[in-house]
Amino acid sequence: ETGVTQSPTHLIKTRGQQVTLRCSSQSGHNTVSWYQQALGQGPQFIFQYYREEENGRGNFPPRFSGLQFPNYSSELNVNALELDDSALYLCASSLEVGRGGEQYFGPGTRLTVT
Amino acid sequence: SQKIEQNSEALNIQEGKTATLTCNYTNYSPAYLQWYRQDPGRGPVFLLLIRENEKEKRKERLKVTFDTTLKQSLFHITASQPADSATYLCALEIGGYQKVTFGTGTKLQVIP
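Residues numbered from 1 in each chain as written. Chains lettered and ligands numbered in written order. Predicted model: local features only at pLDDT ≥ 70, side-chain atom pairs only at ≥ 80, totals over all residues. Heavy atoms only, no water.

## What about the overall build of chain B?
Across its full length, chain B holds zero helices and eleven strands. When the helices and strands of chain B are placed in sequence order, the string is β-β-β-β-β-β-β-β-β-β-β. In terms of overall dimensions, chain B is globule-like: its C-alpha atoms have a radius of gyration of 13 Å, near the 13 Å expected for 112 residues. For chain B, the spread of C-alpha atoms along the three principal axes comes to 45 × 30 × 20 Å. Of all intrachain contacts in chain B linking residues separated by at least 6 positions in sequence, the fraction that spans at least 24 positions is 54%. Approximately 5700 Å² of chain B is accessible, and the part contributed by carbon and sulfur atoms is 48%. Seen as two clouds, the 14 positive and the 11 negative side-chain charges of chain B have centres 1 Å apart. (Helix = DSSP H or I, 4+ residues; strand = E, 2+ residues; numbered from the N terminus. Rg over C-alpha atoms; globule rule 2.2 N^0.38 Å. Contact = heavy atoms within 4.5 Å. Areas by Shrake-Rupley, 256 points an atom, 1.4 Å probe, with all protein chains shown as cover. Lys, Arg positive; Asp, Glu negative; His and termini not counted. Charge placed at Lys NZ, Arg CZ, Asp CG, Glu CD.)

So this is what it looks like as structure tokens:
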């Protein structure tokens, strides 16, 4: 086990709704990255937070937003859900990505949008 | 944008043989390349990292090579075991850019 936890494990939402996913980082890690993984695909980088500031973003629209808290836990918020948002959402904590830092992944939240 | 290709979606090998997985990338040269293992329904688990100035890295039965001329990394599992069956992902990070790009993965099946 990596020490990274995510909640909830599974979630079903309706198109147009909003969702908040949560991640608790490994102790001492100040960087968290969020990924979206569709079935049969590799994880796709959404964004990264370092010491509560967004520190890099992938090709995702602004309706994907995040927060990182002083205790380094974080949230991923998705507004106006679309069917294509159905995926496994992974968070990964590290000491510092950008120096080749090993990332510790949580088990993921499986989101289904109907 | 950076593109990563892993040689095949699936690879079946006999127990005891060496599994070799390929990761090819285009465009920029990454500062680091990482390999992860992912089991069904679980998050990826970090295995090995290799830097752009390193040719080879080993860890127990695992070996990674990195050829920046060919823009390719090879991942080897020697004396493979059924417990090695999983999806293996390569990921690269461009120096100075806080973004990690993953390949689509190769599903390895080790047959007893």
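## Regarding the sheet that holds strand S7 (residues 64–68) of chain A
Residues and elements named next belong to chain A. With antiparallel pairing, four strands are arranged side by side in an open sheet as S1-S3-S8-S7. Looking at which strands have only one partner, the edges of the open sheet turn out to be strand S1 (5–7) and S7. The sheet shows a mean angle of 20° between the axes of neighbouring strands, taken without regard to direction. Alignment of S7 against strand S8 (residues 74–78), held across five bridges, turns out to be antiparallel. (Pairing = 2+ DSSP bridges. Axes fitted to C-alpha atoms, helices over the stretch in contact; angles between N-to-C directions.)

## Digging into the interface of chain A and chain B
Contacts between the two partners involve 25 residues from chain A, matched on the other side by 19 residues from chain B. The tally of links between chain A and chain B comes to zero salt bridges. Mapped by element, the contributors of at least two residues to the side of chain A that touches chain B are strand S4 (31–37), strand S5 (44–50), strand S6 (53–57) and strand S9 (87–94) of chain A. A class-by-class count of the residues in the side of chain A that touches chain B yields eight nonpolar, 14 polar and three charged. (Salt bridge = Lys/Arg side-chain N within 4 Å of Asp/Glu carboxyl O. Nonpolar A, V, L, I, M, F, W, Y, C, P; charged D, E, K, R; others polar.)

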